[in-house]
Amino acid sequence: HPTLLSWEAVVSTQSTGRLEREKEEQRQKEAKERAEAEKKERQKQNKLLKGERKKLRDNVKARNYFCQGSDNIVQAMENLELLLLGVTLDDMKKLNGVSSDATAFSSQYSALLDAQLKEQEAKKRENLAKAKQSQEQHKEQSLNMDKFTTPDIALLVKAVKIFPPGTVNRWNTIADYLNQHSAVCKTYDNQDVIKKVKKLQSGEEADLRSKVNAQAYENFEKAQKQRIEEVQAGGGISNRDTLNSALQKEEATKKNKGPWTTEEQKLLEESLKKYPASFGAERWDSIAAHVATRSKKDCMRRYKDLVEQIKAKKAKQ
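It should be emphasised that the depicted structure is a prediction, and the values quoted were computed from it without experimental measurement.

What counts and how
Residues numbered from 1 in each chain as written. Predicted model: local features only at pLDDT ≥ 70, side-chain atom pairs only at ≥ 80, totals over all residues. Heavy atoms only, no water. Patch = residues over 30% accessible without salt bridge, like charges linked within 9 Å, V, L, I, M, F, W, Y side chains within 5 Å. Areas by Shrake-Rupley, 256 points an atom, 1.4 Å probe, with all protein chains shown as cover. Salt bridge = Lys/Arg side-chain N within 4 Å of Asp/Glu carboxyl O. Helix = DSSP H or I, 4+ residues; strand = E, 2+ residues; numbered from the N terminus. Core = buried A, V, L, I, M, F, W, Y, C linked by side-chain atoms within 4.5 Å. Buried < 20%, exposed > 50% of the residue type's maximum accessible area, 1.4 Å probe, protein only. Contact = heavy atoms within 4.5 Å. Polar contact = N/O pair within 3.5 Å; in protein donor to acceptor, adjacent residues only side chain to side chain.

Asker: Help me understand a nonpolar patch on the surface, please; the structure alone is not making it clear to me.
Answerer: A surface patch of nonpolar side chains, amounting to about 240 Å² of accessible area, comprises Ile 73, Val 74 and Met 77. By the element assignment, Ile 73 lies in helix H2 (residues 73-86).

See the structure below:
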């Protein structure tokens, strides 16, 4: 009977689901029990370790930290603490076990302490070597490698114009702009920007600057040609249309395109935080430059719409 078969399928599904839930609950229970057991074991070991440390500290203190005459007792106390942190529980148990034998206790204590001091010295040498190597690599990179490629210098020139003198945190802002738009380097900082701008202004890289200007003009011409071809392909320009009219039409289309995308909204929110109202007169120009695909008016209109939506939502609550 179809109804009976359907009911049996439902019961079977429910039974399977119940078994799976019971298995999952059992797994969770066992995992919890293991975690509790491990926690108790750690607490037990920590308690034992704390007790053995106290015994060893008392035994060494009773012998005046093995100091005689003008020995540095403070250094001896520091050495004891180093040993207490470095040796295992078993080593401490063995050492405390011979505390009644002064000679054996002194001998084993000295051996363990020497091993700890040598290990500490080896770590210091290793860290110093790594630090020195890192400094040399950084110095070599600074001397032999310039982060700025020709396209990034063009970006820098553009950013210097977008963020003129008087801009809050100007050099950091320019560095952030480069990191966002560069296709090569994402690690520019304010010092990189300042040094490069000084070189360009001083004339040290006059040839490079000329090359950047030439490339910028070439890119501009290519972009114009590509936009005209796109408009022509779409049937939006006749042979009688001029270059300027075509560009004006294309620019108008760009500024009046469809709804904001998720990526554009994200960039707008980032730029609103990055360039607050206190940023000054260049705020919305900077925000539009950050969003890149929207005009200044688009960004201002979008912000106004969002504010109105929030106000309307609050009024309903």
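Asker: Which parts of the structure should I look at to understand the nonpolar core?
Answerer: Leu 156, Phe 163, Leu 178, Ile 287 and Cys 299 are the most contacted members of the largest nonpolar core, which totals 28 residues. Those elements giving two or more residues to this core turn out to be helix H5 (150-162), helix H6 (170-181), helix H7 (190-202), helix H10 (262-274) and helix H11 (283-291). Excluding anything up to four places from it in sequence, Ile 287 contacts Leu 268, Ser 271, Leu 272, Tyr 275 and Cys 299. Of all hydrophobic cores here, the second largest spans 16 residues; its members include Leu 49, Leu 84, Met 92 and Tyr 109.

Asker: What's the story with the side chain of Ser 99 in this structure? I'm lost.
Answerer: Within the secondary structure, Ser 99 sits in the loop between helix H3 (89-97) and helix H4 (102-144). According to the relative accessible area criterion, Ser 99 is buried, its value standing at 18%. Separated by 2.9 Å, the side chain of Ser 99 and the backbone oxygen of Asn 96 make a polar contact. For Ser 99, the contacting residues outside a window of four places in its chain are Asn 59, Arg 63 and Phe 105.

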